[in-house]
Amino acid sequence: MAHTRWLDDEEQRTWRAFLTAQRLLFERVERQLQNEARMPHGYYEILVRLSEAPDRTLRMSRLADTSLSSRSRLSHAVARLEEAGWVERTACETDRRGAWARLTDAGLAALQAAAPGHVETVRSLLFDALTPEQAAALRDVSESLVAHLTDRPVWPAGDDTGCPTPARGAAEEACPEAG
């Protein structure tokens, strides 16, 4: 039987402080987006990722991977964003299992309208509470955790898979992943 590596008092304090801070921060960010932009943070994140992608278009599977979301959960979210007119989904011409998500002009407008309030909330809740040194340390710790927890890139969400986006043509090239 393996020996349990219990947390010491300092590790326990660190773990509980991390959990509490993370929960409080994300609850308030979520509340701000819901109240002011009428969208959950997950939808905002999808819009941001699409806005940063070439031609505002990403493969659905890539969008799910970089959003750390299951494909079914992402598909449901994109369906809701399609209903709002913010995203459109198209099939991959060379892979019947694949699909693209593209941020529409209306989706970009919704994102641009939501961004100032969201950024101010993040700034006031996170960065205003930290010194520049603490912010750098937080980024360093966060990047270390991401590297420890996953071996695939999760941000930025740009299409680095080699699969051409529909707007850039090259439909004759095979899409390397299903999505």
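Parameters and conventions
Residues numbered from 1 in each chain as written. Predicted model: local features only at pLDDT ≥ 70, side-chain atom pairs only at ≥ 80, totals over all residues. Heavy atoms only, no water. Helix = DSSP H or I, 4+ residues; strand = E, 2+ residues; numbered from the N terminus. Buried < 20%, exposed > 50% of the residue type's maximum accessible area, 1.4 Å probe, protein only. Contact = heavy atoms within 4.5 Å. Expected span 1.5 Å × (residues − 1). Core = buried A, V, L, I, M, F, W, Y, C linked by side-chain atoms within 4.5 Å. Axes fitted to C-alpha atoms, helices over the stretch in contact; angles between N-to-C directions. Parallel < 35°, antiparallel > 145°, perpendicular 65-115°, else oblique. Nonpolar A, V, L, I, M, F, W, Y, C, P; charged D, E, K, R; others polar. Pairing = 2+ DSSP bridges. Salt bridge = Lys/Arg side-chain N within 4 Å of Asp/Glu carboxyl O.

As annotated in an unreviewed UniProt entry, the protein chain carries the name MarR family winged helix-turn-helix transcriptional regulator and comes from Pseudonocardia lutea.

The subject of this paragraph is the side chain of His-118. With respect to the secondary-structure elements, His-118 resides in helix H5 (residues 105–125). Judged by relative accessible area, which is 9%, His-118 ranks as buried. Among residues more than four places away in sequence, those in contact with His-118 are Val-29, Gln-32, Leu-33, His-41 and Tyr-44.

Bringing H5 into the picture now. Taking 1.5 Å of rise per residue, the 21 residues of H5 would be expected to cover 30 Å, and the 30 Å separating its terminal C-alpha atoms lies within 8% of that figure. Gly-107, Ala-110, Leu-111, Ala-114, Gly-117, His-118 and Thr-121 are the residues of H5 that are buried. Against helix H1 (9–37), helix H2 (41–52) and strand S3 (95–103) lie the buried residues of H5.

On to the nonpolar core. Ranked by internal contacts, the top residues of the largest apolar core, which has 27 residues, are Met-39, Leu-47, Leu-50 and Leu-63. Residue assignment for this core shows that the elements contributing at least two residues are H1, H2, helix H3 (60–66), helix H4 (71–83), S3 and H5.

To continue, consider the packing of H2 against H4. Running from amino to carboxyl end, H2 crosses H4 at an angle of 80°, the nearest separation of the two axes being 11 Å. If you check the angle between H2 and H4, you find them roughly perpendicular. Of the residues in H4, those in contact with Tyr-43, Ile-46 and Leu-47 of H2 are Leu-74, Ala-77, Arg-80 and Leu-81. Among the residues forming the contact of H2 with H4, the class breakdown is six nonpolar, no polar and one charged.

On to the environment of Leu-130, then. With respect to the secondary-structure elements, Leu-130 resides in the loop between H5 and helix H6 (132–149). On the basis of relative accessibility, which here comes to 27%, the residue Leu-130 falls in the partly exposed class. Once residues lying within four places of it in the same chain are set aside, the contact partners of Leu-130 are Ala-135 and Leu-138.

Take H4 next. In this model H4 runs 18 Å from its N-terminal to its C-terminal C-alpha over 13 residues, within 8% of the 18 Å that 1.5 Å per residue would give. Residues of H4 that are buried sit in contact with H2, H3 and strand S2 (87–92). Looking one or two places after H4, you find Gly-85, whose phi comes out positive at around 85°.

Our focus in this paragraph is the environment of His-41. Tracing the sequence through the fold places His-41 in helix H2. When sequence neighbours within four positions are dropped, the list of residues in contact with His-41 reads Val-29, Glu-30, Leu-33 and His-118.

This next bit is on the sheet that holds S2. Strand order in the open sheet formed by three strands is S1-S3-S2, with antiparallel pairing between adjacent strands. Either end of the sheet is taken by a strand with one partner, and the two such strands are strand S1 (57–59) and S2. Adjacent strand axes in the sheet meet at a mean angle of 25°, parallel and antiparallel pairs treated alike. For S2 and S3, the ladder comprises six bridges, and the chain directions are antiparallel. Opposite Ala-91, over in S3, you have Ala-99 as the bridge partner.

Turning our attention to the pattern of salt bridges. This model, assessed by the stated rule, comprises eight salt bridges. Salt-bridge contacts for Glu-27 lead to Arg-31; the nearest nitrogen and oxygen are separated by 2.7 Å. With a gap of four residues between them, Glu-27 and Arg-31 both fall in helix H1, about one helical turn apart.

One non-glycine residue with positive phi stands out, namely Arg-56, at about 55°. If you trace the backbone, Arg-56 turns up in the loop between H2 and S1.

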